[in-house]
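In case you want the letters, here they are:
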Amino acid sequence: MSEVINRLIDGDYTVATAESCTGGMIASTIVDVPGASDCFNEGYITYSNEAKMKNLGVKDSTLMAHGAVSVETATEMAKGVRAKAKSDFGLSSTGIAGPGGGSPKKPVGLVYIACAYGDNKCVVKELHLKGNRTTVRENATKEALLLLEKCIYKVEE
(Lines give C-alpha, C1' and ligand atoms only; values in the text may rest on other atoms or scores of the structure.)
Protein backbone atom coordinates (compact mmCIF):
# COMPACT_ATOMS: atom_id res chain seq x y z
CA MET A 1 0.00 0.00 0.00
CA SER A 2 3.02 2.27 0.15
CA GLU A 3 2.50 3.02 -3.56
CA VAL A 4 -0.80 4.75 -2.77
CA ILE A 5 0.78 6.87 -0.06
CA ASN A 6 3.69 7.74 -2.32
CA ARG A 7 1.22 8.85 -5.03
CA LEU A 8 -0.42 11.16 -2.49
CA ILE A 9 2.95 12.58 -1.48
CA ASP A 10 4.17 12.94 -5.08
CA GLY A 11 0.94 14.71 -6.06
CA ASP A 12 1.06 16.96 -3.00
CA TYR A 13 -2.38 15.61 -1.98
CA THR A 14 -3.80 15.11 1.49
CA VAL A 15 -6.21 12.53 2.87
CA ALA A 16 -8.38 12.20 5.96
CA THR A 17 -10.20 9.09 7.16
CA ALA A 18 -13.56 8.39 8.76
CA GLU A 19 -13.83 4.82 9.96
CA SER A 20 -16.46 2.71 11.61
CA CYS A 21 -16.02 -1.04 11.08
CA THR A 22 -12.30 -0.79 10.28
CA GLY A 23 -11.73 0.94 13.62
CA GLY A 24 -8.63 2.90 12.61
CA MET A 25 -7.01 0.26 10.41
CA ILE A 26 -7.09 2.49 7.34
CA ALA A 27 -5.35 5.32 9.20
CA SER A 28 -2.90 2.89 10.76
CA THR A 29 -2.02 1.42 7.38
CA ILE A 30 -1.40 4.90 6.01
CA VAL A 31 0.82 6.01 8.89
CA ASP A 32 2.82 2.78 8.69
CA VAL A 33 4.38 4.23 5.53
CA PRO A 34 7.38 6.51 6.09
CA GLY A 35 6.57 10.05 5.02
CA ALA A 36 2.83 9.68 5.67
CA SER A 37 2.89 12.87 7.72
CA ASP A 38 3.26 14.71 4.39
CA CYS A 39 -0.18 13.53 3.24
CA PHE A 40 -2.27 12.34 6.20
CA ASN A 41 -4.29 15.15 7.78
CA GLU A 42 -6.40 13.41 10.41
CA GLY A 43 -8.60 10.42 11.09
CA TYR A 44 -11.77 9.71 13.03
CA ILE A 45 -13.09 6.45 14.40
CA THR A 46 -16.81 7.11 14.48
CA TYR A 47 -18.23 3.85 15.68
CA SER A 48 -21.49 5.21 17.09
CA ASN A 49 -24.16 7.08 15.19
CA GLU A 50 -23.70 9.98 17.60
CA ALA A 51 -20.00 10.19 16.70
CA LYS A 52 -20.82 10.12 12.99
CA MET A 53 -23.21 13.05 13.43
CA LYS A 54 -21.02 15.07 15.84
CA ASN A 55 -17.66 14.66 14.11
CA LEU A 56 -18.56 14.20 10.45
CA GLY A 57 -21.89 15.93 9.97
CA VAL A 58 -23.77 12.76 9.05
CA LYS A 59 -27.45 13.66 9.17
CA ASP A 60 -29.78 12.02 11.67
CA SER A 61 -32.32 11.72 8.86
CA THR A 62 -29.80 9.72 6.79
CA LEU A 63 -29.16 7.32 9.65
CA MET A 64 -32.87 6.93 10.34
CA ALA A 65 -33.79 6.34 6.69
CA HIS A 66 -30.85 4.22 5.55
CA GLY A 67 -28.94 3.07 8.64
CA ALA A 68 -25.28 3.40 9.54
CA VAL A 69 -24.34 0.71 7.03
CA SER A 70 -25.42 2.29 3.76
CA VAL A 71 -24.23 4.06 0.64
CA GLU A 72 -25.70 7.29 1.95
CA THR A 73 -23.91 7.15 5.31
CA ALA A 74 -20.58 6.18 3.74
CA THR A 75 -20.94 9.13 1.36
CA GLU A 76 -21.72 11.62 4.13
CA MET A 77 -18.83 10.28 6.21
CA ALA A 78 -16.33 10.68 3.34
CA LYS A 79 -17.56 14.14 2.38
CA GLY A 80 -17.77 15.20 6.02
CA VAL A 81 -14.22 14.19 6.94
CA ARG A 82 -12.84 15.74 3.76
CA ALA A 83 -14.51 19.06 4.57
CA LYS A 84 -13.60 19.00 8.25
CA ALA A 85 -9.95 18.19 7.58
CA LYS A 86 -9.73 20.41 4.49
CA SER A 87 -8.09 17.54 2.67
CA ASP A 88 -8.03 16.59 -1.00
CA PHE A 89 -9.51 13.16 -0.30
CA GLY A 90 -11.90 11.86 2.34
CA LEU A 91 -11.96 8.10 2.81
CA SER A 92 -14.64 6.29 4.82
CA SER A 93 -15.72 2.81 5.86
CA THR A 94 -18.90 1.57 7.48
CA GLY A 95 -20.07 -2.01 7.73
CA ILE A 96 -20.71 -5.15 9.73
CA ALA A 97 -17.50 -6.97 10.62
CA GLY A 98 -19.22 -9.68 12.69
CA PRO A 99 -19.49 -12.20 14.02
CA GLY A 100 -22.84 -10.77 15.18
CA GLY A 101 -24.84 -7.75 14.15
CA GLY A 102 -25.88 -8.93 10.73
CA SER A 103 -29.38 -9.42 9.34
CA PRO A 104 -30.80 -10.95 6.18
CA LYS A 105 -30.91 -7.47 4.60
CA LYS A 106 -27.49 -6.43 5.92
CA PRO A 107 -25.38 -9.55 6.51
CA VAL A 108 -22.04 -9.82 8.26
CA GLY A 109 -19.36 -8.83 5.76
CA LEU A 110 -21.40 -6.04 4.17
CA VAL A 111 -19.14 -2.97 4.05
CA TYR A 112 -19.42 0.33 2.22
CA ILE A 113 -16.28 2.31 1.48
CA ALA A 114 -16.33 5.78 -0.01
CA CYS A 115 -13.83 8.29 -1.34
CA ALA A 116 -14.76 11.96 -1.67
CA TYR A 117 -12.66 14.26 -3.83
CA GLY A 118 -12.74 17.06 -6.36
CA ASP A 119 -15.80 19.18 -6.90
CA ASN A 120 -18.22 17.32 -4.60
CA LYS A 121 -17.46 13.93 -6.18
CA CYS A 122 -17.75 10.70 -4.21
CA VAL A 123 -17.24 7.11 -5.29
CA VAL A 124 -18.83 4.41 -3.12
CA LYS A 125 -18.17 0.71 -3.33
CA GLU A 126 -20.29 -2.03 -1.77
CA LEU A 127 -18.29 -5.00 -0.50
CA HIS A 128 -19.46 -8.47 0.49
CA LEU A 129 -16.53 -9.83 2.44
CA LYS A 130 -16.05 -13.29 3.87
CA GLY A 131 -14.11 -14.50 6.88
CA ASN A 132 -13.83 -13.66 10.54
CA ARG A 133 -13.96 -10.17 12.03
CA THR A 134 -10.25 -9.50 11.53
CA THR A 135 -10.31 -10.69 7.93
CA VAL A 136 -13.33 -8.53 7.09
CA ARG A 137 -11.64 -5.47 8.61
CA GLU A 138 -8.31 -6.14 6.87
CA ASN A 139 -9.93 -6.70 3.48
CA ALA A 140 -12.11 -3.59 3.86
CA THR A 141 -8.95 -1.60 4.62
CA LYS A 142 -7.20 -2.94 1.50
CA GLU A 143 -10.23 -2.19 -0.66
CA ALA A 144 -10.52 1.34 0.75
CA LEU A 145 -6.90 2.11 -0.11
CA LEU A 146 -7.37 0.70 -3.61
CA LEU A 147 -10.43 2.94 -4.00
CA LEU A 148 -8.33 5.91 -2.88
CA GLU A 149 -5.74 5.03 -5.53
CA LYS A 150 -8.44 4.95 -8.24
CA CYS A 151 -9.68 8.36 -7.12
CA ILE A 152 -6.14 9.77 -7.27
CA TYR A 153 -5.92 8.58 -10.88
CA LYS A 154 -9.26 10.27 -11.66
CA VAL A 155 -7.98 13.59 -10.29
CA GLU A 156 -4.83 13.29 -12.39
CA GLU A 157 -6.63 12.49 -15.66
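Residues numbered from 1 in each chain as written. Predicted model: local features only at pLDDT ≥ 70, side-chain atom pairs only at ≥ 80, totals over all residues. Heavy atoms only, no water.

To continue, consider the pairing of strand E5 (residues 121-128). Taken together, the 8 bridges between strand E4 (residues 110-117) and E5 define a ladder with antiparallel strand orientation. The partner of Tyr117 across the bridge, within E5, is Lys121. The hairpin formed by E4 and E5 contains 3 residues between the paired strands, and Gly118 there has a positive phi angle of roughly 60°. (Pairing = 2+ DSSP bridges. Helix = DSSP H or I, 4+ residues; strand = E, 2+ residues; numbered from the N terminus.)

Here the focus is the nonpolar core. Counting residues in hydrophobic clusters, the biggest one holds 30 residues, and the most contacted among them are Leu8, Val15, Ile30, Phe89, Leu91, Val111 and Leu148. Of all elements in the fold, only helix H1 (2-10), helix H2 (25-31), strand E3 (89-95), E4 and helix H6 (133-156) reach the threshold of two or more residues within this core. Ranked by the residues each element gives to this core, the list is headed by H6, at 8 residues. Beyond its immediate stretch of four places on either side in the chain, Leu8 contacts Tyr13, Val15, Cys39, Phe89, Leu148 and Ile152. Residues Tyr44, Ala68, Met77 and Ala85 belong to the second largest nonpolar core, which totals 10 residues. (Core = buried A, V, L, I, M, F, W, Y, C linked by side-chain atoms within 4.5 Å. Buried < 20%, exposed > 50% of the residue type's maximum accessible area, 1.4 Å probe, protein only. Contact = heavy atoms within 4.5 Å.)

Further remarks concern the packing of H1 against H6. Relative to each other, H1 and H6 sit at 30°, their axes nearing to 9 Å. Between H1 and H6 the crossing geometry is left-handed. Taken together, the residues of H6 that come into contact with H1 (itself represented by Val4, Arg7 and Leu8) are Leu145, Leu148, Glu149, Ile152, Tyr153 and Glu156. Split by residue class, the contact of H1 with H6 holds 6 nonpolar, no polar and 3 charged. (Axes fitted to C-alpha atoms, helices over the stretch in contact; angles between N-to-C directions. Left-handed = near helix turned anticlockwise from the far one by under 90°. Nonpolar A, V, L, I, M, F, W, Y, C, P; charged D, E, K, R; others polar.)

Next up on the list: the packing of aromatic side chains. Within a pair of aromatic rings, the relevant descriptors are the distance that separates the centres and the angle that separates the planes. Under the criterion given, the structure shown has 2 aromatic pairs. Put simply, the rings of Tyr13, Phe89 and Tyr117 touch in pairs and so form one group of aromatic residues. (Phe/Tyr/Trp six-rings, centres within 6.5 Å; stacked < 30°, edge-to-face > 60°.)

Applying the stated criterion across every chain yields a total of 3 salt bridges. For Arg7, the salt bridge is made with Glu156, and the minimal N-O distance between the two is 2.1 Å. Here Glu156 lies in helix H6 and Arg7 lies in helix H1, a separation of 149 residues in the sequence. Residue class for Glu156 comes out partly exposed when judged on its relative accessible area of 36%. (Salt bridge = Lys/Arg side-chain N within 4 Å of Asp/Glu carboxyl O.)

Looking now at the environment of Val81. Following the sequence through the fold, Val81 ends up in helix H5 (residues 71-85). Residue classification places Val81 among the buried positions, given a relative accessible area of 0%. Remark: the alpha-carbon pair of Val81 and Gly100, spanning 19 residues in sequence, is separated by 28 Å. Setting aside chain neighbours within four positions, we find Val81 in contact with Ala16, Thr17, Ala18, Tyr44, Leu56, Ser87, Gly90 and Leu91.

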